[in-house]
Amino acid sequence: MSSHLLEEALRYLGAADAPETLRRQVEAEAETLSAGLRPRYVYKVCELDFQGEGIFLRGTAVILTGETARKMLAQCRRAALLACTLGARFDLSLSAMQARDMARAVILDACGSALVEQGCDEAEKELSARFPGQYRTDRFSPGYGDLPLACQGDICAALDAPRRLGLTVTESLLLNPVKSVTAVVGLSDRPQMARIRGCAYCQMREHCALRKGGKHCGN
């Protein structure tokens, strides 16, 4: 297990300065999880068409609207659509843990969040290898800034995610299985500045326990 996975799990717990006892608990949970479960991902690189208020991804029904996407992709001719999931097995494990030990379930949930993000990072490394000389934007997801959650269904359809990953979108526009991510990564001929940072861009900003306590996760 990488130290990065441990630190990310602690960040999701809001416990970056956790006592050693908690660090060992999180480390043990993360090791068990990463040994038995690997994130799965798919991606698709599309040419971009900037038309009016939307950005069309050729060959798909995906239209990205709003200022977030426009700023992120302003210098890009292509972008990758990405979906990553831990699958239904994780959801079952989490439900079983919640019934037995809620404190441990909270740790498992944080480790799951860190592991699916690690899967997204692996997908981005693969993108970099496939497209040498191209510079990636920050990864951004429906719900960040003003990019609507409603585009998750079209992203999943473009990636054939229901068949390839078992990943679907609920009527309330949430992903199922729960530990899943859809995202967009722009590809440019020029180096890209980091833009997606801070609570204002996070889809959890209205429900975040860290913000309620006057803290933040570090993004």
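Conventions and cut-offs
Residues numbered from 1 in each chain as written. Predicted model: local features only at pLDDT ≥ 70, side-chain atom pairs only at ≥ 80, totals over all residues. Heavy atoms only, no water. Pairing = 2+ DSSP bridges. Helix = DSSP H or I, 4+ residues; strand = E, 2+ residues; numbered from the N terminus. Phe/Tyr/Trp six-rings, centres within 6.5 Å; stacked < 30°, edge-to-face > 60°. Buried < 20%, exposed > 50% of the residue type's maximum accessible area, 1.4 Å probe, protein only. Salt bridge = Lys/Arg side-chain N within 4 Å of Asp/Glu carboxyl O. Axes fitted to C-alpha atoms, helices over the stretch in contact; angles between N-to-C directions. Parallel < 35°, antiparallel > 145°, perpendicular 65-115°, else oblique. Left-handed = near helix turned anticlockwise from the far one by under 90°. Contact = heavy atoms within 4.5 Å.

J.: With reference to specific residues and values, describe the pairing of strand 2 (residues 54–57).
T.: Here strand 1 (residues 40–51) runs beside strand 2; their pairing, made up of four bridges, is antiparallel. Bridging across to strand 2, Asp49 finds its partner in Phe56. Hairpin geometry of strand 1 and strand 2 is characterised by an intervening segment of two residues between the two adjacent antiparallel strands and by a positive phi of about 60 degrees at Gly52. Here strand 2 pairs with strand 3 (residues 63–65) via three bridges, running antiparallel. In the sheet register, Gly54 faces strand 3, and the bridge partner there is Thr65. In textbook terms, the turn of a hairpin is the stretch between consecutive antiparallel strands, and for strand 2 and strand 3 this stretch comprises five residues, one of which, Gly59, has a positive phi near 80 degrees.

J.: I'd like to hear about the packing of aromatic side chains, residue by residue, with values.
T.: Evaluation of the coordinates by the stated rule reveals one aromatic pair. Centroid distance Tyr41 to Tyr43: 6.4 Å. Interplanar angle 20 degrees. Geometry classified as stacked. Looking at Tyr41, the relative accessible area reads 23%, which means it is partly exposed. Among the residues examined, Tyr43 registers a relative accessible area of 13% and is labelled buried.

J.: So what's going on with the environment of Gly52? Residues and values would help.
T.: For Gly52, the position within the fold is in the loop between strand 1 and strand 2. Here Gly52 falls in the exposed class, since its relative accessible area comes to 65%. Distance from Gly52 to Thr65, taken between C-alpha atoms, is 9.6 Å for residues 13 residues apart in sequence.

J.: How would you sum up the pattern of salt bridges? Please name residues and give values.
T.: This model, assessed by the stated rule, comprises twelve salt bridges. Of the charged contacts, one joins Asp160 and Arg163 as a salt bridge, the two residues approaching to 2.6 Å between their closest N and O atoms. Using a relative accessible area of 29% as the deciding quantity, one classes Asp160 as partly exposed. Overall, Arg163 belongs to the exposed group, its relative accessible area being 64%. One salt-bridge network, in which partners are shared between bridges, spans Glu117, Asp121, Glu124, Arg136 and Arg139.

J.: Go over the packing of helix 4 (residues 88–100) against helix 5 (residues 102–130) with me, naming the residues and quoting the values.
T.: Interhelical geometry of helix 4 versus helix 5 gives an angle of 155 degrees and a closest axis separation of 7 Å. On the basis of their axis angle, the class for helix 4 and helix 5 is roughly antiparallel. The hand of the helix 4/helix 5 crossing is left-handed. Here Phe90, Ser93, Leu94, Met97, Gln98 and Arg100 of helix 4 lie close against helix 5, whose contacting residues are Met102, Arg104, Ala105, Leu108, Asp109 and Gly112.

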